[in-house]
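# A look at the structure
Here's the letter readout for the chains.
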Amino acid sequence: MHEVIETEVTSILEYFSPLEDPRSTINRRHLLGDLIVISICAVIAGADGPQAIGVWALSNEQWLKEHLTLPFGIPSHDTIGRLLAVLKPHAFQQCFQQWIQSLDGQPLDTETSPDAVPLEKRIAIDGKALRRSHDRKKNLGALFLVSAWSVENGVSIGQLATEEKSNEIKAIPELLQNIDVSGALVTIDAAGCQKNIASQIIAAGGDWLFSLKGNQGNLHQAVENWFLEESLHGFRNDNVHTHQETVKGHGRIDVLTYYHCNVPECIVGVSAWKGLRTIGVAIRESHKDGKVTREVRYFISSMPVGVQRFAQAVRGHWSIENTLHWCLDVTFREDESRLRNRQASNNLAWLRRFALSLLKQIKDKESIAMRRRKAGWN
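Structural notes, computed from the coordinates. (Residues numbered from 1 in each chain as written. Predicted model: local features only at pLDDT ≥ 70, side-chain atom pairs only at ≥ 80, totals over all residues. Heavy atoms only, no water.)

### Quick notes on empty space enclosed by the protein
- Within this structure, the stated rule accounts for two cavities of 30 Å³ or more.
- Reported here for the largest cavity is a volume of approximately 70 Å³.
- In this structure, the largest cavity is lined by T187, I188, D189, L209, S211, R297, F299, V314, H317 and W318.
- The element best represented in the lining of the largest cavity is helix 10 (residues 307–330), accounting for three residues.
- Classifying every residue of the lining of the largest cavity by side-chain character gives five nonpolar, three polar and two charged.
- Volume-wise, the second largest cavity comes out at about 30 Å³.
- Considering the residues around the second largest cavity, the lining is formed by H90, Q93, Q94, Q97, G158, Q159, L175 and N178.
- Within the residue set of the lining of the second largest cavity, elements represented by two or more residues are helix 6 (89–103), strand 3 (155–162) and helix 7 (168–178).
- The element that contributes the greatest number of residues to the lining of the second largest cavity is helix 6, accounting for four residues.
- A class-by-class count of the residues in the lining of the second largest cavity yields one nonpolar, seven polar and no charged. (1 Å grid on protein atoms, 1.4 Å probe; cavity = no way out; pocket = protein on both sides within 12 Å on 5 of 7 lines; lining within 4 Å. Points joined across faces, edges and corners; volume = space filled by probe spheres on them. Helix = DSSP H or I, 4+ residues; strand = E, 2+ residues; numbered from the N terminus. Nonpolar A, V, L, I, M, F, W, Y, C, P; charged D, E, K, R; others polar.)

So, in structure tokens, the structure goes:
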């Protein structure tokens, strides 16, 4: 076990060695690699901020000294906080991404259905607010993070911070520049359903699947009207492909129905969307405690017709909400973070996402919360 731990610590130091140290050279005592390893391990084990990272380090001083240089002993939480406040988030994330790629883990999003199509590279992009990170003294609202999530591997591959949710549209193109989308199907919620984003993904060698809502009013209405008209006639059009499945869990039964087809000629404005080839609809009918709720979502995409692939892509996008955001709120208590420094908050948020990515690689039956506890106990 110690040999494995030592190998992983060495691996962390190796992949973070190119990272430029942004700290002042005056009174610089602690090694950058040591501080990063301590921060990673502490967040995995349950730390939620610089002070907690410092306390964790002091509590594990002997173990850390066996694996790190620590020329001046354990760093204070102030030292950790100052580092997180000056690290450049993009460079920081790039080192993490290279390390994740080196781990060569097996995809976690395995399909067990005999009708499932082969897994492909899928990237889900969505935004999330850190609700208690507002700073009234500086007239700053809650920090909003746009994340890229590798669906098949269950890992975060990119993140960009913005000051307001309204800036999500501007953040997505910049985030796309920082990640490799070639050969990938990129799924984005309605906020990112923009012509320029579609063009950017196609130019980078990827495909896209966007959810449609009111921000694309005319197109959304046209797609909705076409599917409603088809449903009245029992979807007799041979162009429409259908797939249905039932999911049980948490005391609820979901009946999921998908329709997917080439863009009908009657829908105008198609040429303005780079690569647009198909439209689709996903209907979720939920049964719980004798009550039935129904949710209908419409989509446009550059992917060719393939209703099972379409269904997998829609489910995969839901995973960024159900797997990433829910876990960050419930297990990592991200919404409760009161860290005011924007850059430190951004870097700490990435540490959480990276910790979650690593914890998901463990092949056991424990929850993410229990895996964190075990890491803290041992």
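### With respect to helix 10
- Relative to the 34 Å expected for 24 residues at 1.5 Å per residue, helix 10 spans 33 Å between its end C-alpha atoms, a close match to the ideal helical length.
- Considering bend angle alone, the principal kink of helix 10 is centred on W318 and spans about 30°. (Expected span 1.5 Å × (residues − 1). Bend = angle between axes of the 7 residues up to and from the residue.)

### Overview of helix 9 (residues 217–232)
- In a regular helix each residue adds 1.5 Å, so 16 residues correspond to 22 Å; helix 9 covers 22 Å between its end C-alpha atoms and thus fits that length.
- Every buried residue belonging to helix 9 is among L219, H220, V223, W226, F227 and E230, and all of these are buried. End-on view of helix 9: buried residues confined to an arc of 135°, all on one side of the axis. The outward face of helix 9, more than 90 degrees from its buried face, is lined by the exposed residues N218 and L232.
- Of the surrounding secondary structure, the elements contacted by the buried residues of helix 9 are strand 5 (207–212), strand 7 (252–262), strand 8 (278–288) and strand 9 (291–301). (Buried < 20%, exposed > 50% of the residue type's maximum accessible area, 1.4 Å probe, protein only. Arc of directions from axis to C-beta. Contact = heavy atoms within 4.5 Å.)

### A word on the packing of aromatic side chains
- Summed over the entire model, instances satisfying the criterion amount to seven aromatic pairs.
- Summarising the aromatic geometry, the rings of F227 and Y298 are spaced 6.2 Å apart at their centres and angled 35° between planes, so their arrangement reads as tilted. Residue F227 is located in helix 9, and its partner Y298 is located in strand 9; the two are separated by 71 residues in the primary sequence. Each member of the pair, F227 as well as Y298, is classed as buried.
- Site record: aromatic cluster; members linked through ring pairs are W208, F210 and W273.
- For R284, the ring lying beneath its charged end belongs to W318, and the centroid distance is 4.0 Å.
- The side chain of R372 reaches across the aromatic face of F332, ending 3.9 Å from its centre. (Phe/Tyr/Trp six-rings, centres within 6.5 Å; stacked < 30°, edge-to-face > 60°. Lys NZ or Arg CZ within 6 Å of the ring centre and 35° of its normal.)

### Here's the deal with the sheet that holds strand 5
- If you trace the nine strands from one edge of the open sheet to the other, you get 3-2-1-4-5-9-8-7-6, paired in mixed fashion. Each edge of the open sheet carries a strand with a single partner, namely strand 3 and strand 6 (241–249). Taken pair by pair, the neighbouring strands of this sheet meet at an average axis angle of 20°, ignoring direction.
- Where strand 2 (residues 143–150) lies against strand 3, seven bridges are found, and the strand directions are antiparallel. Residue pairing for strand 3: S150 is matched across the bridge by V155.
- Together, strand 5, strand 7, strand 8 and strand 9 form the strand contacts of helix 9, whose direction differs from that of strand 9 by roughly 120°.
- Contacting strand 1 (122–130), strand 2 and strand 3, helix 11 (residues 342–359) runs over the sheet at an angle of about 165° to strand 3. (Pairing = 2+ DSSP bridges. Axes fitted to C-alpha atoms, helices over the stretch in contact; angles between N-to-C directions.)

### Quick look at the environment of L32
- By the secondary structure assignment, L32 is in helix 2 (residues 32–44).
- For L32, a relative accessible area of 11% corresponds to the buried category.
- Excluding residues that lie within four positions of it along the chain, L32 makes contacts with L19, E20, D21, R23 and L83.

### Quick notes on the side chain of S211
- Position of S211 among the secondary structure elements: in strand 5.
- The exposure class assigned to S211 is buried, which follows from its relative accessible area of 5%.
- With residues up to four places along the chain from it excluded, the contact list for S211 reads I188, D189, A190, C193, Y298 and F299.

### Topic: the pairing of strand 5
- Of all the six residues making up strand 5, five are buried; the element is thus mostly covered by neighbouring parts of the structure.
- Relative to strand 5, strand 4 (residues 185–188) runs parallel, the two being bridged by four bridges. Within strand 5, the residue paired with L185 across the bridge is D207.
- You can see the chain leave strand 4, run along helix 8 (residues 195–203) and come back into strand 5, and the turn it takes is right-handed. (Right-handed = clockwise from strand over helix to strand, strands pointing away.)

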